[in-house]
Amino acid sequence: MQKTIQSHPFHLVEPSPWPLAASLALLTTTLSGVMYFNNYANGGLLLTLGLISTVLSMSLWFRDIIIEGTFQGSHTSKVQQGLTLGFILFVISEVFFFISLFWAFFHSALSPTVELGCMWPPAGIQVMNPWEVPLLNTVLLLSSGATVTLAHHGLIQGNRKFTIYGLIATIILAILFTGFQGFEYINAPFTIADSVYGSTFYFTTGFHGFHVLIGTIFIAVGLYRVINYHFTDFHHVGLEAAIIYWHFVDIVWLLVFIFFYYWGS
Amino acid sequence: MSDIEIKTTPFDARFPNTNQSKHCWQSYSDYFKCINARGEDFAPCKDFKKAYQSLCPADWVGKWDEQREEGTLPFKVTV
């Protein structure tokens, strides 16, 4: 807790175990992942432990940030701006990750090799009809972008009920999207092993789906905090970050829909 | 001996680079589309055949011929 007055608006954090814990957890996860893929003994067990400890370290770290900001008053405007900027830079790094996935797709799809018969989709691949479930999923995500914006405006205007309903609607739409994607995955006519088409398709849609899951949890945490009065009408960086992440997920889906589902068929 | 004509596939601006794999594939594909559309004796198809015979590795031609017989050619050469 603060015992002295500081002559600057920044937050000099107290010593914390979470950065080291998170990096050890990530080290365990990555090394054990390699062990698991190469059938070393206990690879799977260590991988599970690594993933659990990663999630735990992150949760406890974020919990501390919430305590410092919401309950101890350390998040001045300057600190809020810093957190927002840092989060935007993180989202930009995620954008670059998706750029790599799209690059891989275009590398193979724009000039299909002789081995594929110079055709895209390759002969024998039964593509999914973009105007069935994928179109529905597009509508679901676009709508969730609208509901989350409405919820945000509700928060800014001090309308508690509206905010909560908006966030619940967003989460429901997100869960529907994930459910439909799962259904598509189970009933797909091709697998990840079906040539480079399957690889690029499942890598990109798979990582996108993983980001949807993370975004959903992020928004759910925001909902929990709204219900428990953590936020004010103008101080809610955690929720704003969740909303930025959600819009990013939505835009990536639009690109996936246009290039993988529509153009790629 | 000087009356023997020796030549190779002429330059095709669609394939300007050293890697002529696509040129090989295109010639093979065009030859069979040509004879499927115009008949085996249609003379202009001959140029495509000469092109793929000089450009393509024998393995590729052999593999595609086999696939044509089995009906598993991964690209269309009909219509």
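Here the structure is a predicted model, which is why all the values come from computation and not from measurement.

## Quick notes on the overall build of chain B
1) Next: A tally of helices and strands in chain B yields three helices and zero strands.
2) Next: Element order for chain B, N to C, with α for helix and β for strand: α-α-α.
3) Next: Out of the 79 residues in chain B, the part that is buried amounts to 33%.
4) Next: Restricting to contacts in chain B with at least 6 residues of sequence separation, those with at least 24 account for 58%.
5) Next: Entry remark: accessible area of chain B is about 5,800 Å², with carbon and sulfur atoms responsible for 52%.
6) Next: Where the 11 positive side-chain charges of chain B centre and where its 12 negative ones centre are 7 Å apart.

## What about the confidence of the model for chain B?
1) Next: Of the residues in chain B, 97% have a pLDDT of 70 or more, and the chain-wide mean is 92.
2) Next: Listed scores for the predicted complex are pTM 0.89 and ipTM 0.75.

## Observations regarding the nonpolar core
1) Next: Core analysis: the largest hydrophobic core is formed by 46 residues, its most contacted members being Leu167 and Tyr261 of chain A.
2) Next: Elements represented by at least two residues in this core include exactly helix H3 (77–110), helix H4 (133–156), helix H5 (160–186), helix H6 (195–227) and helix H7 (237–263) of chain A.
3) Next: Examining the composition of this core, we find that 14 residues originate from one element, H7 of chain A, more than from any other.
4) Next: Residues within four places of Leu167 of chain A in sequence aside, it is in contact with Val148, Ala151, Ile219, Gly222, Leu223, Val226 and Leu239 of chain A.
5) Next: Counting residues in hydrophobic clusters, the runner-up holds 17 residues, among them Trp25, Tyr31, Trp64 and Leu73 of chain B.

## Observations regarding the interface of chain B and chain A
1) Next: Contact residues are listed per partner, giving eight residues for chain B and eight residues for chain A.
2) Next: Carbon and sulfur atoms supply 71% of the area buried between chain B and chain A, which totals about 600 Å² over both sides.
3) Next: It is Lys22, Trp25 and Pro74 of chain B in chain B that bury the most area against chain A; as a group they hold 66% of the surface buried on that side.
4) Next: Joining chain B to chain A, the criterion identifies zero salt bridges.

## Here we look at helix H2 (residues 43–71) of chain A
Residues and elements named next belong to chain A.
1) Next: Its 29 residues give H2 an end-to-end C-alpha distance of 41 Å, which sits within 8% of 42 Å, the value for a rise of 1.5 Å per residue.
2) Next: For H2, the complete set of buried residues consists of Gly43, Leu47, Gly50, Thr54, Ser57, Glu68 and Gly69.
3) Next: Where the residues of H2 are buried, they touch helix H1 (18–37).
4) Next: Following H2 by one or two positions, Gly73 adopts a phi angle in the positive range, close to 70°.

## Quick look at a nonpolar patch on the surface
Residues and elements named next belong to chain A.
1) Next: A grouping of Leu85, Ile88, Leu89, Ile92, Val95, Phe96, Ile99 and Trp103 is seen on the molecular surface, where their side chains present a nonpolar patch of about 800 Å² in accessible area.
2) Next: Locating Val95 in the fold gives a position in helix H3.
3) Next: Its relative accessible area of 34% is what places Val95 among the partly exposed residues.

## Quick word on the pattern of salt bridges
Residues and elements named next belong to chain B.
1) Next: Tallied over the entire structure, the rule returns two salt bridges over all chains.
2) Next: Close ionic contact of Asp65 with Arg68 constitutes a salt bridge, the shortest N to O distance being 2.7 Å. Placement of the pair is Asp65 and Arg68 together in helix H3 (residues 58–70), with a separation of three residues, close to one helical turn.
3) Next: For Asp65, a relative accessible area of 21% corresponds to the partly exposed category.

## Notes on the UniProt feature "domain: Heme-copper oxidase subunit III family profile" (unreviewed entry) in chain A
1) Next: In this structure's numbering, the residues bearing the UniProt feature "domain: Heme-copper oxidase subunit III family profile" (unreviewed entry) are residues 8–265 of chain A.
2) Next: Its end C-alpha atoms 57 Å apart, residues 8–265 of chain A is made of 75% helix and 0% strand.

## Section: the environment of Val212 of chain A
Residue and element names in this part refer to chain A.
1) Next: With respect to the helices and strands, Val212 occurs in helix H6.
2) Next: In sequence terms Val212 and Gly82 are 130 residues apart; their C-alpha atoms lie 25 Å from each other.
3) Next: In contact with Val212, not counting residues within four places along its chain, are Phe177, Thr178, Trp246 and Val249.

## Description of the state of the cysteines
Residues and elements named next belong to chain B.
1) Next: According to the stated counting rule, one finds two disulfides over all chains in the structure shown.
2) Next: One disulfide bridge connects Cys24 with Cys56, the sulfur atoms lying 2.1 Å from each other. A torsion of 110° about the S-S bond marks the disulfide between Cys24 and Cys56 as right-handed. Here the residue Cys24 occupies a position in helix H1 (residues 21–38), and Cys56 occupies one in the loop between helix H2 (45–55) and H3, the gap between them amounting to 32 residues.

Analysis parameters
- Residues numbered from 1 in each chain as written.
- Chains lettered and ligands numbered in written order.
- Predicted model: local features only at pLDDT ≥ 70, side-chain atom pairs only at ≥ 80, totals over all residues.
- Heavy atoms only, no water.
- Helix = DSSP H or I, 4+ residues; strand = E, 2+ residues; numbered from the N terminus.
- Buried < 20%, exposed > 50% of the residue type's maximum accessible area, 1.4 Å probe, protein only.
- Contact = heavy atoms within 4.5 Å.
- Areas by Shrake-Rupley, 256 points an atom, 1.4 Å probe, with all protein chains shown as cover.
- Lys, Arg positive; Asp, Glu negative; His and termini not counted.
- Charge placed at Lys NZ, Arg CZ, Asp CG, Glu CD.
- pLDDT = per-residue confidence, 0-100.
- Core = buried A, V, L, I, M, F, W, Y, C linked by side-chain atoms within 4.5 Å.
- Buried area = accessible area lost by both parts, 1.4 Å probe.
- Salt bridge = Lys/Arg side-chain N within 4 Å of Asp/Glu carboxyl O.
- Expected span 1.5 Å × (residues − 1).
- Patch = residues over 30% accessible without salt bridge, like charges linked within 9 Å, V, L, I, M, F, W, Y side chains within 5 Å.
- UniProt positions renumbered as here; feature names shortened; annotations may be inferred.
- Disulfide = S-S within 2.5 Å.

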